[in-house]
Amino acid sequence: MLHAAIARRGVTLVWLKERLAERGSPVSLTTLSYWRSGRRRPEGTSSLNALEEIEDLLGLLPGELLDLVGDSRRTVPVSEPASFHSDVLLTAVQETLDELGAADVRNLRDLSATVVVDVDAQGRLRRRHTRILLQATSGTIRDIPYTDSSPEPTDLPMEIVTGAGARVSRRHDHPGGRVFGVVFELEEPLTAPDTAILDWCTELPEGFPTIREVAHGVARKNRETLIWVRFAPEAPPSWVEEFSDDGSPPIPRELAGSSVHTVRRGFGPGSFGLRWGYDDAR
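Residues numbered from 1 in each chain as written. Predicted model: local features only at pLDDT ≥ 70, side-chain atom pairs only at ≥ 80, totals over all residues. Heavy atoms only, no water.

## Looking at unusual backbone geometry
Our working rule: Secondary structure elements follow DSSP: runs of H or I no shorter than four residues count as helices, runs of E no shorter than two count as strands, and numbering proceeds from the N terminus.
In this structure, the amide linkage connecting alanine 192 to the following residue, proline 193, adopts the cis form with an omega of 0°. Omega for the bond connecting glycine 268 with proline 269 falls within 30 degrees of zero, at -5°, which places this linkage in the cis form. Summarising the element assignment, proline 269 is placed in the loop between strand S12 (259-265) and strand S13 (270-277).

## Focus: the pattern of salt bridges
Two side chains that carry opposite charge are able to pair once their charged atoms sit near each other. Cut-off, in case you're wondering: Here, a salt bridge means any side-chain nitrogen of Lys or Arg that lies within 4 Å of a carboxyl oxygen of Asp or Glu. Only protein chains enter the calculation, and the probe is 1.4 Å; a residue is then buried if its accessible area is under 20% of its type maximum, exposed if over 50%, and partly exposed in between.
Inspection of the entire model under this criterion finds 19 salt bridges. Residue aspartate 118 is joined to arginine 127 by a salt bridge in which the shortest nitrogen-to-oxygen separation is 3.8 Å. On the accessibility criterion, aspartate 118 (22% relative accessible area) is partly exposed. Look at arginine 127 and you get partly exposed, because its relative accessible area is 27%. Connected through shared salt-bridge partners, Asp118, Arg127, Glu203 and Arg230 make up one network.

## Focus: the sheet that holds strand S7 (residues 195-203)
In plain terms, the rule: A pair of strands is labelled paired if DSSP reports no fewer than 2 bridges between them. To obtain each axis, a line is fitted to C-alpha atoms, and for helices this fit is confined to the stretch in contact; angles are then taken between N-to-C directions over 0 to 180 degrees.
As summarised here, the arrangement of the six strands in space is S4-S7-S2-S1-S9-S12, forming an open sheet in which the pairing is mixed. What marks the edges here is a single partner per strand, and that holds for strand S4 (159-162) and S12. Across this sheet, the average inter-strand angle for adjacent strands is 15°, counted without regard to direction. Summarising the sheet, S4 and S7 pair through four bridges and their orientation is antiparallel. Within S7, the residue paired with glutamate 159 across the bridge is glutamate 203.

And the structure:
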């Protein structure tokens, strides 16, 4: 398939090598030649990252080449996940995971994610629906831990409900009132290199501390993340901006009707999201 994609795009291996180097994923001409002929397959973490870049450079759908590697049933350990939690919450998050008896998920890869948020007429986040395509990179995975947080301490717990494919088997709300954790138990064990979809909703009760932003973090580079925020039609925000934790300045965003969305491909590790505000107090 790689050979056909290169021919269809009308590029050379030299061109591909140069573009990969520009994107920080250098691959030798010899290795590219082996991959194109099928004599070898990408096997290391850096090689798999380069394959994602090749998909983008050749105009392929995310996963078209990676899925072929997966069919070989050969996977490799991924790099140590990067933390995207703030220092303030990091201790509470770790204590919550410890209480949950959360399994080590360093062999779990986030391939893509879609986050859909509903905002009420007061401009407060009320519901967040998250769907993630996951892949086991080694071994078998049965439980997946998840934590969420409040901007300030509260006695009102978040409601975290799973969709198809998993159930909440354990829950722990940190005594500090800011971190809420659950363990998702998959309906079917996930064995490398297979994939699974994890789908859940987070509902914020009336009186919960006001949240006017949404972010999604990835511990490793993923293929694509979509964040879509839907506002009450009668109460659009005065401004919306996109932000990330890489130190770059916020980017002003325009509404499309009563919603706004952002997409990042090949993002991570780190987090990014959307925040909004109003000229008048709400």
